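Coordinate analysis (summary)
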Amino acid sequence: MKRKLIISLISLTSFCASAAMTLNDCLIYARDHAHTNRLQMLSTEKAKADQRISASSLMPSLSLSGSGNISFGRNIDPETNTYDNKQTLSTGYGLYLSIPLFDGLVSVNSLKASQVARLRSVQAAQVEQDLISLEVIKAFYNVDYCKAMVGQMQIQLQRDSTDLCATMRGEELGVKSGADVAEMKAVVATDRYELSNQRNLLAKAYLQLRGAMGMELSEEPLELEHDPSDEFLPGLSDSKHPRIAEAELALKESEYNLRAEKGGFSPKISLTGGVTSSYYKLMGSNLSAPGFGKQFKDNIGEYIALSISIPLFDGLANVNRVKRAKIEVEESRTRLDRTIYEIERATTEAGLDLKAAADELEAAQQRVEAEQLAYNAVRRKYELGNSSVIDLYTSSAKLATAIANLEGKRIQKIISGITLSYYLGAKLIKE
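Our subject in this report is the structure included herewith. Since the model is a prediction, treat every value here as computed from it, not as a measurement. (Residues numbered from 1 in each chain as written. Predicted model: local features only at pLDDT ≥ 70, side-chain atom pairs only at ≥ 80, totals over all residues. Heavy atoms only, no water.)

Considerations on the overall build of the chain
When helices and strands are tallied, the chain shows nine helices and six strands. At 39 Å, the chain has a C-alpha radius of gyration far larger than the 22 Å of a compact globule built from 431 residues. Each of the three principal axes of the chain carries a C-alpha extent, and together these read 135 × 50 × 40 Å. Here the chain holds 431 residues, and the buried ones make up 36% of them. Considering only contacts in the chain between residues 6 or more positions apart, those separated by 24 or more positions represent 82%. Accessible area for the chain stands at about 25500 Å²; split by element, carbon and sulfur atoms hold 57% of it. Where the 51 positive side-chain charges of the chain centre and where its 54 negative ones centre are 6 Å apart. (Helix = DSSP H or I, 4+ residues; strand = E, 2+ residues; numbered from the N terminus. Rg over C-alpha atoms; globule rule 2.2 N^0.38 Å. Buried < 20%, exposed > 50% of the residue type's maximum accessible area, 1.4 Å probe, protein only. Contact = heavy atoms within 4.5 Å. Areas by Shrake-Rupley, 256 points an atom, 1.4 Å probe, with all protein chains shown as cover. Lys, Arg positive; Asp, Glu negative; His and termini not counted. Charge placed at Lys NZ, Arg CZ, Asp CG, Glu CD.)

Shown next as structure tokens:
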């Protein structure tokens, strides 16, 4: 816990010192600030407290008691041990010790179950942290994509604005018509609209990234930078996927709970002992009672006892608790099988996605090259007066779509690679 706190402080200091954040910086910030991650940390602390509570059942219990009363009317005279009508003030004190010797290993198995539950909460927290990290990764590259689209629209607007000026000069020279100028103005207006739309999408992308990280919501853009190592996770580890580890621990916990429930049929043995004393005083009497110290010493008593409790019949409650515990074991085993199957399927799908993304990226690159050549040809024909504005706009739109698709496939390949590495055992956050 101290190590995580130190890392958090270092990361926060680094963030304050430099406004630019890499993907790994965003993941570390989300780990320490995202609300879901913070709730999971609290759940882990609560599981530790539950473990300490279970451990306390194996410890001896020591208690101190005190009582006081005033007797009115007919009651027993503590001095003569006979009935009288005297008012009596009496107090009692006791110190009691109870040591559990045997309870059918119920407490031992409950403690083991709580220990496993604590480890399970750690794995559950890791699962939630990984889900948040994957969301941050997608949001981070969504910002990257939206920035690329804004840049592309700015270039397109500048290019079409230049074409509009050339068309207006052509109209003055009699080469272009008024209709060509009007159509080019419509194209420039469309570019401005698309640029405004892409800027709004970029603002939403920044907001989505802030929300995924648990950062203070603001309309201000984040300074992000790309570290090439972020696109490739470190070497794969032999550790199990946290979802599988959590499911295995859930099965182990249910097995310990079953053992604890079976222990309910066993006798329970405990050793108890105590020390008691009392003090009394007759009220309204001329007789002087012995002092408190003398009575406390004279009336002191000690006892020790060994108790054995054998359950015979409890309305079949223990029987049904054992049956329920057996069902929970089968449920946990089935959940484990389902989790292993889902992780294997997700790993296979991630591999297929990566392969498909690589193939589609290559095809998208070829499409961009082809659309670029086609656009250059149409643009040259337009400059020579052999092509219309509609032809130029159509070719430009197709080129823009191809470039956007290429950028999307590039990001999809990066995310697919990170996802596959994660399912194969790599850590999303680099410490």
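There's plenty left to go through after this.
Section: the sheet that holds strand β5 (residues 268–283)
Across the sheet, four strands lie side by side as β1-β4-β5-β6; this open sheet has antiparallel pairing. A strand with exactly one partner marks an edge of an open sheet, and here the two such strands are β1 (61–71) and β6 (301–309). Direction aside, neighbouring strands of the sheet carry axes that sit 20 degrees apart on average. As defined by bridge partners, β1 adjoins strand β4 (residues 87–102) across eleven bridges and the pair is classed as antiparallel. Bridge pairing links Ser71 to Thr88 in β4. (Pairing = 2+ DSSP bridges. Axes fitted to C-alpha atoms, helices over the stretch in contact; angles between N-to-C directions.)

Remarks on the pattern of salt bridges
In this structure the tally under the stated criterion is 20 salt bridges. For Arg120, the salt bridge identified is with Glu246, shortest N-O distance 2.7 Å. Pair noted here: Arg120 is in helix α4 (residues 106–173) and Glu246 is in helix α6 (residues 242–262), with a separation of 126 residues, a long-range link. Between Arg321 and Glu261 there is a salt bridge; the shortest N-O distance is 3.6 Å. On the criterion of sequence distance, the pair formed by Arg321 in helix α8 (residues 317–383) and Glu261 in helix α6 is long-range, its members being 60 residues apart. Overlapping salt bridges, with partners in common, bring together Asp163, Arg379, Arg380 and Glu383 in one network. (Salt bridge = Lys/Arg side-chain N within 4 Å of Asp/Glu carboxyl O.)

Quick notes on the packing of helix α2 (residues 23–33) against α4
Look at α2 against α4: their axes get within 10 Å of each other, and the N-to-C directions meet at 140 degrees. Relative to α4, the element α2 lies oblique. The two elements α2 and α4 cross, and the hand of that crossing is right-handed. Here α2 contributes Leu23, Cys26, Leu27, Ala30 and Arg31 to the contact with α4, which in turn contributes Gln129, Ile132, Ser133, Val136, Ile137, Phe140 and Tyr141. The residue makeup of the contact of α2 with α4, split by class, is nine nonpolar, two polar and one charged. (Parallel < 35°, antiparallel > 145°, perpendicular 65-115°, else oblique. Left-handed = near helix turned anticlockwise from the far one by under 90°. Nonpolar A, V, L, I, M, F, W, Y, C, P; charged D, E, K, R; others polar.)

A closer look at a positive patch on the surface
Where like charges cluster on the molecular surface, the positive patch consists of Lys112, Lys252, Arg259, Lys262, Lys323 and Lys326. The biggest single contributor to the positive patch is α6, with three residues. (Patch = residues over 30% accessible without salt bridge, like charges linked within 9 Å, V, L, I, M, F, W, Y side chains within 5 Å.)

Considering the packing of aromatic side chains
Inspection of every chain in the model, using the stated rule, returns six aromatic pairs. Taking 5.4 Å as the distance between ring centres and 80 degrees as the angle between the ring planes, the aromatic pair formed by Phe140 and Tyr141 counts as edge-to-face. Since its relative accessible area comes to 2%, Phe140 is described here as buried. Judged by relative accessible area, Tyr141 falls into the buried class, the value being 1%. Both rings, one in Tyr422 and one in Tyr423, keep their centres 5.3 Å apart while their planes meet at 55 degrees; by these two values the pair is tilted. Of the residues examined, Tyr423 reaches a relative accessible area of 22% and is grouped as partly exposed. Taken together, Tyr93, Tyr279, Phe292 and Phe296 form an aromatic cluster joined through their ring pairs. (Phe/Tyr/Trp six-rings, centres within 6.5 Å; stacked < 30°, edge-to-face > 60°.)

Some points on the packing of α8 against helix α9 (residues 389–423)
At their nearest, the axes of α8 and α9 sit 7 Å apart, and the two run at 160 degrees to each other. Comparing their axes, α9 and α8 come out roughly antiparallel. Note that α8 runs across α9; the crossing there is left-handed.

Digging into the environment of Ser161
By the element assignment, Ser161 lies in helix α4. Ser161 sits in the partly exposed class, given a relative accessible area of 23%.

Considering the environment of Arg31
Residue position: Arg31 is located in helix α2. When the C-alpha positions of Arg31 and Val136 are compared, they lie 10 Å apart, and in sequence the two are 105 residues distant.

Digging into the nonpolar core
Core analysis: the largest hydrophobic core is formed by 48 residues, its most contacted members being Val136, Ile137, Tyr141, Leu209, Met213 and Leu224. For this core, the elements supplying multiple residues, two or more each, are α2, α4, α5 (178–213), α8 and α9. The dominant element in this core, judged by the number of residues it contributes, is α4, at 13 residues. Judged by nonpolar contacts, the second largest core, of nine residues, contains Leu251, Leu258, Ala325 and Val329. (Core = buried A, V, L, I, M, F, W, Y, C linked by side-chain atoms within 4.5 Å.)

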